[in-house]
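Chain and residue survey
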Amino acid sequence: MKRISILGSTGSIGTQALDVIKRNSDKFQVAALSCARSIELLCRQIETFRPEAVAVDREEDAAFISQKYRNIEVYHGSRGLEEIASMESCDMVLNSLMGMRGLKPTLAAVEAGKDIAFANKETLVVGGELVMKAVREKGVKLLPVDSEHSAIFQCIQGNKNNEIKRIILTASGGPFRGYSAEQLENVTLEQALAHPNWSMGSKITIDSATMMNKGLEVIEAKWLFDVPLDKIQIVVHPQSVLHSAVEFMDGSVIGQMGNPDMRIPIAYAFSYPDRLDLSNVTQSLDFFGMKEGMSFYPADSRVFRTIEMAYEAARRGGSLPVVLNGANEVLVDMFLKGRIKFTDIQNTLIKVMEKHDVKYNLSIEGILEEDARIREEVSKMIWQEEMI
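Residues numbered from 1 in each chain as written. Predicted model: local features only at pLDDT ≥ 70, side-chain atom pairs only at ≥ 80, totals over all residues. Heavy atoms only, no water.

1. Topic: the environment of Ser252
Mapped onto the secondary structure, Ser252 falls in the loop between strand S10 (242-248) and strand S11 (253-257). For Ser252, a relative accessible area of 34% translates into the label partly exposed. Along the chain, Ser252 and Gly128 lie 124 residues apart, while their C-alpha atoms are 29 Å from each other. In this structure Ser252 touches Val246 and Glu247, once residues within four positions along its chain are discounted. (Helix = DSSP H or I, 4+ residues; strand = E, 2+ residues; numbered from the N terminus. Buried < 20%, exposed > 50% of the residue type's maximum accessible area, 1.4 Å probe, protein only. Contact = heavy atoms within 4.5 Å.)

Structure (structure tokens):
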């Protein structure tokens, strides 16, 4: 019986992970749950899965849950996430937090010797060197949950000693595939949130629309699979059937295919190296039902300049990925709140990247300080523009 702590249990990945656990209750139990503000949903999860501990953002929510459920440990704030990520009674941590807040809990889990099912790409974007060094030193498994990175991971099983020629990182292209830069000027929030294939949280959906999500995934792949950037190629595949592929030095290309269902990579991370029977949960891929077939296109980095920004951040390293990620999180939030246009995300990121003086050899404290600094700087930039 594997006991799993779920960081971000009320989000898209978290709720699907709980579905996998519920359907495989003979194999998995919930050790702990966490959420930010969705307290009503968290309470329903507590009553269904009976965790040993929970963590929430606010102290007042922690007090409410402590009063309502007196037999569980309740934590709050960032320290609370670290507590449930490192608790002795859990065997694995699913990190499905959004953004930078996943960094410290990830390191806490690694230091405690926990295997991690990993769906928090921003942690590797900003702290890849620190995290992967800790993973190697502690000998824990970092098992990818993002569909693309899970696909790559599956493709290299049994090929440990075979050199990778190329990682083919697929992208749906989002809702604006084929748009010109001029067309992007007029897109609405509703359009940007209408992903053609996947059901995801709002932040990652906007990142998919700007193609920033794919840029961040390039950086994540660099750290996860220890490959140089020039061996990672983004390929737009609108049908989202081939989730990613790996080409080896002999020219063989091994790909992982399936319907767009996040429960598949979640289950594989939970049960690795075995596979769960999901035949009653997921639909088999219908090859004859794919009327439009499978198509592949180059990513348009002239329109979606976030792609090259991510490659540049990864090439230069240091504080630049921290700045790119932090600024993007602030700008996406502002777009979701209606304060800026869709194209302001990309245009502001270009300005921020161009003026940044890169710092190297950052500690975790240095990463957090740089992240806080850039968030404040971007917020001021937008505020000043609003005042004009």
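Back to the write-up after that little detour.
2. Let's talk about the nonpolar core
Counting residues in each nonpolar core, the largest one holds 126 residues, and the members touching the most others are Ile21, Ile65, Leu94, Val145, Phe225 and Phe270. Broken down by element, the residue count for this core peaks at 10 residues, all from helix H14 (residues 320-336). Residues within four places of Phe225 in sequence aside, it is in contact with His149, Ile152, Phe153, Ile156 and Ile167. (Core = buried A, V, L, I, M, F, W, Y, C linked by side-chain atoms within 4.5 Å.)

3. Some details on the sheet that holds strand S3 (residues 53-56)
Sheet architecture is open: 7 strands sit in the order S4-S3-S2-S1-S5-S6-S7, paired in parallel fashion. A single partner strand is all that each edge strand has here, and the edge strands are strand S4 (73-76) and strand S7 (142-144). Across the sheet, the mean angle from the axis of one strand to that of its neighbour is 25°, orientation sign disregarded. Bridging between strand S1 (residues 2-7) and strand S5 (residues 92-95) involves 4 bridges; their strand directions are parallel. Residue Ile4 lies in a different strand from S5, and its bridge partner there is Met92. Here helix H3 (residues 59-68) sits on the sheet and contacts S3 and S4; the angle it forms with S4, its principal contact strand, is near 170°. (Pairing = 2+ DSSP bridges. Axes fitted to C-alpha atoms, helices over the stretch in contact; angles between N-to-C directions.)

4. Description of empty space enclosed by the protein
Applying the stated rule across the entire model yields 1 cavity of 30 Å³ or more. What the largest cavity holds in volume is close to 80 Å³. Together, 12 residues line the largest cavity, and Ser147, His243, Gln256, Ile264 and Pro265 are the ones closest to its centre. By residue number, the principal contributor to the lining of the largest cavity is helix H7 (residues 147-155), which donates 4 residues. Here the lining of the largest cavity is built from residues that sort into 4 nonpolar, 7 polar and 1 charged. (1 Å grid on protein atoms, 1.4 Å probe; cavity = no way out; pocket = protein on both sides within 12 Å on 5 of 7 lines; lining within 4 Å. Points joined across faces, edges and corners; volume = space filled by probe spheres on them. Nonpolar A, V, L, I, M, F, W, Y, C, P; charged D, E, K, R; others polar.)

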